[in-house]
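One-letter residues, chain by chain:
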Amino acid sequence: MGERGVNPCINRRVPLDHQSIVLDGDERIHISPLCDHENGEYYITQLYDDVTTLYEGFLRGERVSNDGPCLGWRTSPTSEYTWMSYSEVRKQAEYFGSGLLARGFEPSNDTRIGIFSQNRPEWIVTDLGCMTYSMVTVPLYSTLGREGYEYIVNLTNITLMVVDSMDKVSSLLEQRQSMPTLKKIVVMDTPITDEVKDQAKAVDVEVIAFEDLLKEGKENLKDPSPCKPDDLAVIRFTSGTTGVPKGAMTLQKTLVADISGIYPHIKPVFECAPGSTSISYLPLAHAYEHTLDAMLFQHGCKVGFFRGDVKTLVNDMQVLKPDIFPGVPRLANKLYDKIMNGINSASFIKRNLFNLAYYFKRRETDSGIVRRDSWFDSLVFSKVQALLGGNVSWMITGSAPISSEVLEFFRVVFGCKISEAYGQTESAAACTCTSPGETESGHVGTPLPCNMVKLVDIPEMGYFAKDDKGEVCMKGPNIFAGYYKNKEKTDEALDADGWLHSGDVGQWLPNGTLKIIDRKKHIYKLSQGEYVAPEKIENIIIRSNLIAQAFVYGESLQSYNVAVIVPDEDELKKFAANNDLSGTTEELCKNETVRKAIGIEVDKMCRDGKLCGFEMVREFVLHPEQFTIENNLLTPTFKNKRAAIKEMFQADIDAMYAKS
């Protein structure tokens, strides 16, 4: 550690022409240049001497912010944000934990508390309250379904669940007979209805108002007995596309290590100073949002919550005016499409003024200058920037690849620096990230200083590490401890030397950055013996403006691929108007003119994407309704739930193959 307990790597930069160091040996292991590798230090485990857990990180945030604002929320489209200070959040966390102790729960790592809620201040209070008394949280996703909830509650022996709404209380009570360990439900929304009270009494479950538990804890306040670095922090069940959820066990020191790898890497792009503000809308049950917020709390930043509906997110951001915008490609693409549709429908003069301003400002961003105070910003781009509040300085994106076109657009039009991260639940969140000043897109950056990365041969797919291609594997203090009560899956993911096998296929580029080029886990073999990675084809097909989503499928007894395609509703309406067609989206999906046009687009995208003949899509059906988290066709990280989509469209798949 350096002076005043701060790791000296925090102020270094990654050289853009040599973004990772290759260690000696046949494995070609890559590490971050931020590590002191010349002295044999290949990992960073913490940034500050006094921060070894997320709990200590929160206390640091309270100190460096001078007890500034911490959590914010609003209740209506016209209201401003209300804020709780760091000390107020900490005290509420102590009340929450003390309330649990007053009800007989042990301040122990053997105590597991479920959280089943959208993002809101009480989620953070619950999580921090558990850390304050060494307990473990088990977050649930809204899309797990009955079987998923039952599996997780029974596997982890959860006796108390914290939920946000009466609907969720009622749903859990309906399942009570299949979840015998569940004895108590703490609900954030009040008052508790008579219907829920009667329902709870009938199945012998106690329903407690969140505010009443805080009051009880305040009256029976206990001294904190906080978590230790080696304690389990969270059992985070992976969203998964197939099979039962797997509970990734993540330690306190694991999360601290990941934050300690992320922050020095992005600090030259954006310094998380007290008062810096982020919008929280991505699921806190997921590693991405949870780890990001923990990093922000460690540095005294503010986190404002959306009102619970992504449709009102833009309105929330306009009031909050965040300078940090965590995103996912699906949302960025929708925002990009909406803005471009408005520009393309504008007058000739406005459209050309925008294009001229874009051209000149892109020349700046291509040279590494990213700003929003130019003449072009004030004249042309300020109205677009105001959509996100006008203050966004740093955007981080992850969970799926984002197109070069959209990345460039955000840099130019919003004048914000963008970091693209790659990782998974099992690596606590990110394991690589694009470097400050990077202008090239199409890769996911360099290894973070909290982990090593190497590529491993996949002979059946023709990928070999000697060619700088193979399965992405990572190792370091940010890697999870294994899957809860699932040794078989743990042994599949973690090899004997501690390397986490991601299932993704990567390629090292000449400047030391990593490009994700394929997927190992979701491959299938066609009847002619060729392996196909459907996600690769899907990402190519959706580059068409007419196509919003795609699901590609194949079988070993068949010789070609089929697809379910969801048209872009706005573009479909434009196409219909330009071709004298009318009808609802559902009706247009049955129209032969529409089908022919989309077929041409599919073929064009596949050719432009340089797909091989066996990768082309021969047959497809059009579906009018988007795949969403709510209809159980997308995971919480907006990936296709392949098993669910296949089941839903099995009859269509059979019909498409019957044509051959």
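Below is a summary of the structure that appears in this document. (Residues numbered from 1 in each chain as written. Predicted model: local features only at pLDDT ≥ 70, side-chain atom pairs only at ≥ 80, totals over all residues. Heavy atoms only, no water.)

Side note on the overall build of the protein
Part 1 of the argument: When helices and strands are counted, the protein shows 21 helices and 27 strands.
Part 2 of the argument: Relative to its full complement of 660 residues, the protein shows a buried share of 58%.
Part 3 of the argument: A sequence separation of at least 24 residues applies to 68% of the contacts in the protein between residues at least 6 apart.
Part 4 of the argument: Of the roughly 27700 Å² of accessible surface on the protein, a fraction of 49% belongs to carbon and sulfur atoms.
Part 5 of the argument: Separation between the mean location of the 72 positive side-chain charges and that of the 90 negative ones in the protein comes to 3 Å. (Helix = DSSP H or I, 4+ residues; strand = E, 2+ residues; numbered from the N terminus. Buried < 20%, exposed > 50% of the residue type's maximum accessible area, 1.4 Å probe, protein only. Contact = heavy atoms within 4.5 Å. Areas by Shrake-Rupley, 256 points an atom, 1.4 Å probe, with all protein chains shown as cover. Lys, Arg positive; Asp, Glu negative; His and termini not counted. Charge placed at Lys NZ, Arg CZ, Asp CG, Glu CD.)

Considerations on the pattern of salt bridges
Part 1 of the argument: Counted under the stated rule, the structure contains 27 salt bridges.
Part 2 of the argument: A salt bridge links Arg90 to Glu62; the shortest N-O distance between them is 2.7 Å. One end of the pair, Arg90, is in helix H2 (residues 86-102); the other, Glu62, is in helix H1 (residues 54-64), with 28 residues separating them in the sequence. Of the two residues, Arg90 and Glu62, neither departs from the other in class, the shared state being buried.
Part 3 of the argument: Salt-bridge contacts for Glu569 lead to Lys573; the nearest nitrogen and oxygen are separated by 3.8 Å. One end of the pair is Glu569 and the other is Lys573, both in helix H17 (residues 569-578) and 4 residues apart, which spans about a single turn.
Part 4 of the argument: Assessed through its relative accessible area of 49%, Lys573 is described here as partly exposed.
Part 5 of the argument: Connected via shared salt-bridge partners are Arg103, Lys184, Glu206 and Glu216. (Salt bridge = Lys/Arg side-chain N within 4 Å of Asp/Glu carboxyl O.)

Side note on empty space enclosed by the protein
Unoccupied space between atoms shows up once a probe the size of one water molecule is rolled over them.
Part 1 of the argument: Enumeration over the complete set of coordinates arrives at 4 cavities of 30 Å³ or more.
Part 2 of the argument: Around the largest cavity, the lining residues are Leu54, Gly57, Phe58, Ile124, Asp127, Leu128, Met131, His290, Asp293, Ala294, Phe297 and Gln298.
Part 3 of the argument: Put simply, the parts of the chain that give the lining of the largest cavity at least two residues each are H1, helix H3 (121-132) and helix H9 (287-298).
Part 4 of the argument: Broken down by element, the residue count for the lining of the largest cavity peaks at 5 residues, all from H9.
Part 5 of the argument: A class-by-class count of the residues in the lining of the largest cavity yields 7 nonpolar, 3 polar and 2 charged. (1 Å grid on protein atoms, 1.4 Å probe; cavity = no way out; pocket = protein on both sides within 12 Å on 5 of 7 lines; lining within 4 Å. Points joined across faces, edges and corners; volume = space filled by probe spheres on them. Nonpolar A, V, L, I, M, F, W, Y, C, P; charged D, E, K, R; others polar.)

Quick look at the state of the cysteines
Part 1 of the argument: Applying the stated rule across the entire model yields 0 disulfides.
Part 2 of the argument: In this model Cys272 remains outside any disulfide bridge; the closest cysteine sulfur is found in Cys301, 4.6 Å from its own.
Part 3 of the argument: Free of any disulfide, Cys606 has its nearest cysteine sulfur in Cys612, 11 Å distant. (Disulfide = S-S within 2.5 Å.)

Some thoughts on the sheet that holds strand S27 (residues 617-622)
Part 1 of the argument: Sheet architecture is open: 3 strands sit in the order S25-S26-S27, paired in mixed fashion. The open sheet terminates on both sides in strands that have one partner only, identified here as strand S25 (547-553) and S27. Here the strands of the sheet are splayed against their neighbours by 30 degrees on average, with no regard to which way each runs.
Part 2 of the argument: Alignment of S25 against strand S26 (residues 561-567), held across 6 bridges, turns out to be antiparallel. Across the sheet, the residue bridging to Phe551 is Val564, located in S26.
Part 3 of the argument: Of the strands in this sheet, S25, S26 and S27 touch helix H16 (residues 534-541), which is tilted by about 155 degrees from S25. (Pairing = 2+ DSSP bridges. Axes fitted to C-alpha atoms, helices over the stretch in contact; angles between N-to-C directions.)

A few points about the packing of aromatic side chains
Part 1 of the argument: Inspection of every chain in the model, using the stated rule, returns 22 aromatic pairs.
Part 2 of the argument: With centroids separated by 5.0 Å and ring planes inclined at 45 degrees, the aromatic side chains of Phe58 and Tyr86 adopt a geometry described as tilted. Here Phe58, found in helix H1, pairs with Tyr86, found in helix H2; they are 28 residues apart in sequence, far enough to count as distant. With respect to burial, Phe58 and Tyr86 carry one shared label: buried.
Part 3 of the argument: Taken together, a centroid distance of 5.7 Å and an interplanar angle of 65 degrees make the contact between Phe58 and Phe297 edge-to-face. Of this pair, Phe58 sits in helix H1 while Phe297 sits in helix H9, placing them 239 residues apart in sequence.
Part 4 of the argument: One aromatic cluster in this structure is built from Tyr336, Phe354, Tyr358, Phe381, Phe409, Phe410 and Phe414.
Part 5 of the argument: The positively charged end of Lys168 is found above the aromatic ring belonging to Phe116, 4.7 Å away from the centroid. (Phe/Tyr/Trp six-rings, centres within 6.5 Å; stacked < 30°, edge-to-face > 60°. Lys NZ or Arg CZ within 6 Å of the ring centre and 35° of its normal.)

Quick word on the pairing of strand S13 (residues 302-305)
Part 1 of the argument: Residues Lys302 and Gly304 of S13 are buried on one face, and the alternating residues Val303 and Phe305, pointing to the opposite face, are buried as well.
Part 2 of the argument: The sheet contact formed by strand S3 (residues 69-73) and S13 spans 2 bridges and is parallel. Bridging from a neighbouring strand, Leu71 pairs with Val303 of S13.
Part 3 of the argument: Sheet topology places strand S12 (residues 277-280) next to S13; 4 bridges connect them, and they run parallel. In the strand pairing of S13, Thr277 is matched with Lys302.
Part 4 of the argument: The handedness of the S12 to S13 crossover, carried by H9, is right-handed. (Right-handed = clockwise from strand over helix to strand, strands pointing away.)

What to know about the layout of surface pockets
Part 1 of the argument: Here the second largest pocket is characterised by a volume of approximately 1200 Å³.
Part 2 of the argument: In terms of lining, the second largest pocket is formed by 36 residues, of which the most central are Val310, Arg330, Ile629, Glu630 and Phe638.
Part 3 of the argument: For the lining of the second largest pocket, the elements supplying multiple residues, two or more each, are helix H10 (313-320) and helix H11 (329-344).
Part 4 of the argument: The greatest single-element share of the lining of the second largest pocket, amounting to 5 residues, is contributed by H11.
Part 5 of the argument: Per-class residue counts for the lining of the second largest pocket are 21 nonpolar, 9 polar and 6 charged.

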